[in-house]
Every structure is written in structure tokens, then in C-alpha cells.
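# Per-entry structural report
Take a look at the letters that make up each chain.
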2 protein chains.
Amino acid sequence: MNCPEHPHGHSHHAAGAGGRAALPELADQLRRKARKLTGARQAIFEILRRQLHPLSNKEIFAELPKGDCDLATVYRSLHLLEEMRMVKRFDLGDGIARYELLAEGDDGHHHHLVCTRCTAVIEIEECFPRELEQNIATRNGFTAITHKLEFFGICPRCQ
Amino acid sequence: MNCPEHPHGHSHHAAGAGGRAALPELADQLRRKARKLTGARQAIFEILRRQLHPLSNKEIFAELPKGDCDLATVYRSLHLLEEMRMVKRFDLGDGIARYELLAEGDDGHHHHLVCTRCTAVIEIEECFPRELEQNIATRNGFTAITHKLEFFGICPRCQ
DNA sequence: ACCGTGAATGCAAATCGTTTGCAATTAGCC
DNA sequence: GGCTAATTGCAAACGATTTGCATTCACGGT
Ligand SMILES: [Mn+2]
Ligand SMILES: [Mn+2]
Ligand SMILES: [Zn+2]
Ligand SMILES: [Zn+2]
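Residues numbered from 1 in each chain as written. Chains lettered and ligands numbered in written order. Predicted model: local features only at pLDDT ≥ 70, side-chain atom pairs only at ≥ 80, totals over all residues. Heavy atoms only, no water.

### With respect to the sheet that holds strand β4 (residues 111-115) of chain A
Short version of the rule: Any two strands with at least two DSSP-identified bridges between them are counted as paired. Numbering of helices and strands starts at the N terminus; helices are DSSP runs of H or I of at least 4 residues and strands are runs of E of at least 2. Every axis in this analysis is a line fitted to C-alpha atoms, fitted for helices over the stretch in contact. Angles between the N-to-C directions lie between 0 and 180 degrees. Pairs of residues are marked as contacts when any of their non-hydrogen atoms sit within 4.5 Å.
One open sheet accounts for six strands, arranged β5(A)-β4(A)-β6(A)-β6(B)-β4(B)-β5(B); its pairing is mixed. Single-partner strands in this sheet number two, and they are β5 (121-124) of chain A together with β5 (121-124) of chain B. Going across the sheet, the axis of each strand differs from the next one's by a mean of 25°, ignoring polarity. Pairing of β4(A) with β5(A) involves four bridges; the strand directions are antiparallel. Within β5(A), the position partnered with A:Leu113 by the bridge is A:Ile122. Against the sheet, helix α5 (residues 130-140) of chain A engages β6 (143-154) of chain A together with β4 (111-115), β5 and β6 (143-154) of chain B, with an angle of about 135° to β6(A). The sheet contacts of helix α5 (residues 130-140) of chain B involve β4, β5 and β6 of chain A together with β6 of chain B, and relative to β6(B) the element is tilted by about 135°.

### Considering the coordination of the manganese ion (ligand 1)
All names here are of chain A. What counts here: Distances define the donors: N, O and S atoms within 2.8 Å of the metal qualify, as do those within 3.2 Å of Na, K or Ca. Water is excluded, so some sites may look unfinished. Angular criteria define each label, namely tetrahedral for four donors with all angles between 85 and 135 degrees, square planar for four and octahedral for six donors with opposite donors over 155 degrees apart and remaining angles between 65 and 115, and irregular for whatever fails these tests. Think of it in three bands: residues with accessible area under 20% of the maximum for their type are buried, residues over 50% are exposed, and the middle band is partly exposed, with areas taken using a 1.4 Å probe on protein chains only.
Distances from the manganese ion (ligand 1) to its protein donors, Glu100 (OE), Glu100 (OE), His110 (NE2), His112 (NE2), Glu123 (OE) and Glu123 (OE), fall within 1.8 to 2.7 Å. Given six donor atoms and angles of 53 to 145° at the metal, the environment of the manganese ion (ligand 1) is assigned as irregular. Mapping the donors of the manganese ion (ligand 1) onto the primary sequence yields the spacing E-x9-H-x1-H-x10-E. For His110, a relative accessible area of 5% translates into the label buried. On the basis of relative accessible area, His112 is assigned to the buried category, the value being 0%.

### Focus: the coordination of the zinc ion (ligand 4)
All names here are of chain B. Protein coordination at the zinc ion (ligand 4) comes from His109 (NE2), His111 (NE2), Cys127 (SG) and His147 (NE2), with a distance range of 1.9 to 2.1 Å. Metal-centred angles of 93 to 127° between the four donor atoms at the zinc ion (ligand 4) mark the site as tetrahedral. The exposure class assigned to Cys127 is buried, which follows from its relative accessible area of 5%.

Here is the structure:
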């Protein structure tokens, strides 16, 4: 791990829910903002916790025990989780929002490799070189610079 | 210019329409595919030709002499131009398709720096390092790999 | 210049992901 | 248990984009 954007060096790609926040943290964060720990939120949280790759609202909704909650509630829950910095939103090129649960203190910045045939997703450690990015910022007088970066190709199974 | 994805080294960022295709080429390409050179297509083409930065369908539509053509026609024209590889589509982070006219033979691969406050756009020469990308492809057994990359920050005027 | 024909267009309706208004329900605190 | 703000379901609204269809048009051949 030498991605310049991950100075703390935690890998957010451990299998399963390794490193990801657990229920108690969700409860904490919610209480702190006077928000309620509802069944829907717990269920959504647990689904994200099991996932290694970003999930769309619809995918999360599909995982939910049917009738458990409305799709609109899924959207609202993810907005809340994002605002609480417990999930990070990604766009894997199709304009559909997808979310990944974050480990506490991790800003979640990272990238993906997506198969354009089967939509398989692979987590990527590499990041755009920090000093190149700094050049860009300096040369143009920009501050608070960051980037979105996703890779596309054809996976072994689809070739 | 040393972007690994631009081996021919033409700058597609020259001011004005420098390097960009001209009308006759549009006419050629169209004839070659038995498509018609209509007023709407010429007008749209000319608007893109004057532009240094990517334009959305709505922006193009707004530039068009009012009543000149329907918004649906703008969408259809850009699909056609894209299929003819005369424009390249970008997504600058807001999920809205934007298009830039290409120079002949240029695949148009490049990136932008976008101000998150005023949406100003700057053309960027840097590209994700080729050998890093190759590592990613090889390690995961992917072929035909490419990437989408856009930078975001706060421009000098907005700071 | 005139025709025939497939291509292109305007218009309105449809699509898709997402958001929102509102009345009914519920979690958290006393 | 009761109060109250937060949350939810539901349906309608949204904005970007696409599409069906009847009409119009560009252009190669006459
Ligand atoms: Mn990821
Ligand atoms: Mn550009
Ligand atoms: Zn990065
Ligand atoms: Zn690049």
C-alpha cells in the first residue's frame, strides 16, 4: 500500500467486513445527530457491511427482505449515511450511484476496474500520483484538488 | 506533451478550432455512411468547433438559433457524431453528457479540472501513467484497458 | 428540374434513476 | 405511557435522455 491518498495505510479491501464499521458505530453516529436507529437503516447497513464492492440503491433494495422498506427509504438512508461519512458514493461509468461502507476515519478514496462486458468490479489500490496531481493544482491555481478515476477493460472470463 | 495515451503528440487543446475537423470532413464522413448533411447537423458541428471545452446537449441547444431544431435532434446528432468518432463524450461528475469535437485521427482521450464552485473547466494534459495502468491490467488479466479520470477543486476566482 | 426513397425531424409520450410532498407511523426521551 | 421530532410509504414530480410515429427532407438517379 503506497497510495499517496491513504497516508494511514489501512487497506479497505480486506475480505468480508474486515475493517468496516459495525452496528454499534452506526448507533453512536446516529444518536450523536439525533437521528433514529431504525430497522431499515440497520438492514441496509448490514447489507453494505457484507459487500466488497459498491452497491446501487436498487441492488441494496433487492437484497432487503422483501417489503422490509420502500426504495425511497433506501435512497434516503444512503444520503444520510453519506452525510455521516459512513459510506462513499461511486459512479462506475453508468451514471448510477453506488455505495461502499467506509472504515472509521477512512475517507474511502480509491478506484475500480470494471469489466465493460459483464460489469464485474475489482478494487484497485493504485491512485493517481500525488505529485502529478499537485502539479496540476499549482499550475492552475486550484486548491482542495481531488480526482475521480475508474478503469475499464475486459475481464479474463469475458475475453 | 508526453501523455502516454497520445503517441502522435497532437495537442487537442489549441485555442479556437485549431486542429479540429472542419465542415468538409463532416460532409465526407456523412456521405460515406449514407447519412445526410442537414442544417441542424452543420449548426451543431459549428458550435462544437468553436468550443474549447465539452458542451452538454442543452448547452448546444441553447447556442442554436432558437427554433432551429428540436432538443431531441441535438441528442440524436451527438449520438451520430459519437458513433462516427467525431466527438468524444465526457462526464464531468454531474451525470450530464458533454461532448468535445475531435481532431481527425485523435481518439480524444484526455482529462479535465473542474471547479466545484463555479463549474469552470480546464483542459488537462496529464494522464494516468501508462505503466501503472499496464500493471493493473496484467495483474487482473484484463485486456483493452482504459480509464476515465477527472480532477476537481476550487479555482482561483472562487477561493 | 423532378422523383422516389430512405434518412431525419418535430412532437409528445415514455423511460430511468432519483427526489419530494404529505399524511400516517415510530423511535427516543421524559 | 405519552410527547414530539424523525422516519416511512406512497404516489407524484423530477431532469436527462430515449423513442414511436407521422411528416418532411436530402440526395442519388432520372
Ligand atoms: Mn471499492
Ligand atoms: Mn476537453
Ligand atoms: Zn486516487
Ligand atoms: Zn488518461
